[in-house]
Amino acid sequence: MNNRARECINDSTRELLPNGEFVKKPNFVNIQRFNSVGFSRIFVATAKIDGRNGIKAGDRVYFKANNQRGVNHLNRTDESMGSCEDLGEVFGYYMLRTLAEKLGEKSVLKPTVYDFAEYKNDAFWKIIAEQTAKKVESDRLYGCITQNCLEDNAQIVHGHMLLGQIFDRNNCFRSSTNTLYNYEQGIMAFAETIKNDGQEMVIDPVCTRYLTNIMFWDYFYCNADRHCKNITFQLIPLGGGKFWFCPTPILDNGGGLGLQSINCEKMY
């Protein structure tokens, strides 16, 4: 696979260090900061106890902290500041799971498992102190956890990596570029890039339906956070230089129901 194609995929989300580097490491023993932007504080951790929905002790999980504790622009504690994305994630999982159960094989939106969780870690003292103007002393954060949504040995392909095949970096992040047609063109261009490297990418025909259905899902769930980095596919090696390209289970529904709003507590 050439350098252009390699730039379009992550080596493995399961091997990601907080500084953005990838290493061959079987598991994180301690909770560590994961790359995140905006309101989200996301950490990579090891589940300590068995949870619901198939999450077990010892599983690698991604922990998204609830930032409901907040400080306003005057540095005063304001309970209305923060993000309730953990609620959006877990509610979205149960709604998508119910939809998949109702539709059966017709469903193309497979849910990524999310569940509520809490974690204790010394590193959280500083975070909580910052969020509460040093009025709360605690080493515990509440939020939600999710499992890795990729198949074994698969590599994740984000939407902006596909759009980057047909647009320059500045334009592939524009909302006006985030269209069904452009994703289709980006997928085909990505397949051509891999073909030029002497390999083959087999495209799952469900990809078009996935893109269409996720648009309707976000409209129904009032999710305003489906930017191009939250449109995700995976590249699964089949051997012999062949790769299967298909959607991942749908993830990152934290912006649903308006729960990403900075005044989510006042709203609900």
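In this report, we go over the structure that sits alongside the text. Computed from a predicted model, the values in this text were never measured in an experiment.

Val 157, Phe 190, Met 201, Phe 233, Leu 235 and Phe 245 are the most contacted members of the largest nonpolar core, which totals 28 residues. Going through the elements one at a time, α4 (159-163), α6 (180-196), α7 (207-220), β8 (232-239) and β9 (242-247) are the ones with two or more residues in this core. Core analysis: the next-biggest nonpolar cluster, separate from the first, contains 26 residues, Val 113, Tyr 114, Ile 127 and Ile 156 among them.

Strand order in the open sheet made by the 4 strands is β6-β8-β9-β7, with mixed pairing throughout. The outermost strands of the open sheet, each flanked by one partner alone, are β6 (155-158) and β7 (200-203). Averaged over all adjacent pairs, the angle separating strand axes in this sheet is 30°, with direction ignored. By the bridge criterion, 4 bridges tie β7 to β9 in an arrangement that is parallel. Each residue of the ladder has a partner; that of Ile 203, found in β9, is Phe 245.

Turning our attention to the state of the cysteines. The tally for this structure, following the rule as stated, stands at 0 disulfides. Among the cysteines around Cys 207, which has no disulfide bond, Cys 246 carries the closest sulfur, lying 6.8 Å off. Residue Cys 207 is classed as buried on the basis of its relative accessible area of 4%.

Okay, unusual backbone geometry next. Keep in mind that most residues, glycine aside, have a negative phi and that most peptide bonds are trans. A positive phi angle, close to 60°, is found at Asn 53, a residue other than glycine. Considering the arrangement of structural elements, one finds Asn 53 in the loop between β2 (41-46) and β3 (60-65). Among the residues examined, Asn 53 registers a relative accessible area of 24% and is labelled partly exposed. Its identity is not glycine, yet Asn 153 carries a phi of approximately 65°, on the positive side. Mapped onto the elements, Asn 153 comes out in the loop between β5 (140-147) and β6.

Another point: the packing of α6 against α7. Think of two packed helices as two axes; the pair is described by the angle between the axes and how far apart they sit. Contact geometry for α6 and α7: axes closest at 10 Å, N-to-C directions at 150°. By the criterion of interaxial angle, the relationship of α6 to α7 is roughly antiparallel. When you trace α6 past α7, the crossing you get is right-handed. Here α6 contributes Leu 180, Tyr 183, Glu 184 and Ile 187 to the contact with α7, which in turn contributes Thr 208, Leu 211, Thr 212 and Met 215. Residues of the contact of α6 with α7, tallied by class, amount to 5 nonpolar, 2 polar and 1 charged.

Pairing analysis gives 6 bridges linking β8 to β9, with the strands arranged antiparallel. Note that in β9 the partner of Gln 234 across the bridge is Cys 246. Linkage of β8 to β9, two consecutive antiparallel strands, is achieved through a turn of 2 residues, within which Gly 240 is found at a positive phi near 65°.

Within the element layout of this structure, Asp 115 appears in strand β4 (residues 114-120). Judged by its relative accessible area of 4%, Asp 115 is buried. A distance of 2.6 Å separates a polar atom in the side chain of Asp 115 from a polar atom in the side chain of Arg 52. When sequence neighbours within four positions are dropped, the list of residues in contact with Asp 115 reads Gly 51, Arg 52, Asn 53, Ile 55, Val 90, Gly 143, Cys 144 and Ile 145.

Rules used in this analysis
Residues numbered from 1 in each chain as written. Predicted model: local features only at pLDDT ≥ 70, side-chain atom pairs only at ≥ 80, totals over all residues. Heavy atoms only, no water. Core = buried A, V, L, I, M, F, W, Y, C linked by side-chain atoms within 4.5 Å. Buried < 20%, exposed > 50% of the residue type's maximum accessible area, 1.4 Å probe, protein only. Helix = DSSP H or I, 4+ residues; strand = E, 2+ residues; numbered from the N terminus. Pairing = 2+ DSSP bridges. Axes fitted to C-alpha atoms, helices over the stretch in contact; angles between N-to-C directions. Disulfide = S-S within 2.5 Å. Parallel < 35°, antiparallel > 145°, perpendicular 65-115°, else oblique. Left-handed = near helix turned anticlockwise from the far one by under 90°. Contact = heavy atoms within 4.5 Å. Nonpolar A, V, L, I, M, F, W, Y, C, P; charged D, E, K, R; others polar. Polar contact = N/O pair within 3.5 Å; in protein donor to acceptor, adjacent residues only side chain to side chain.

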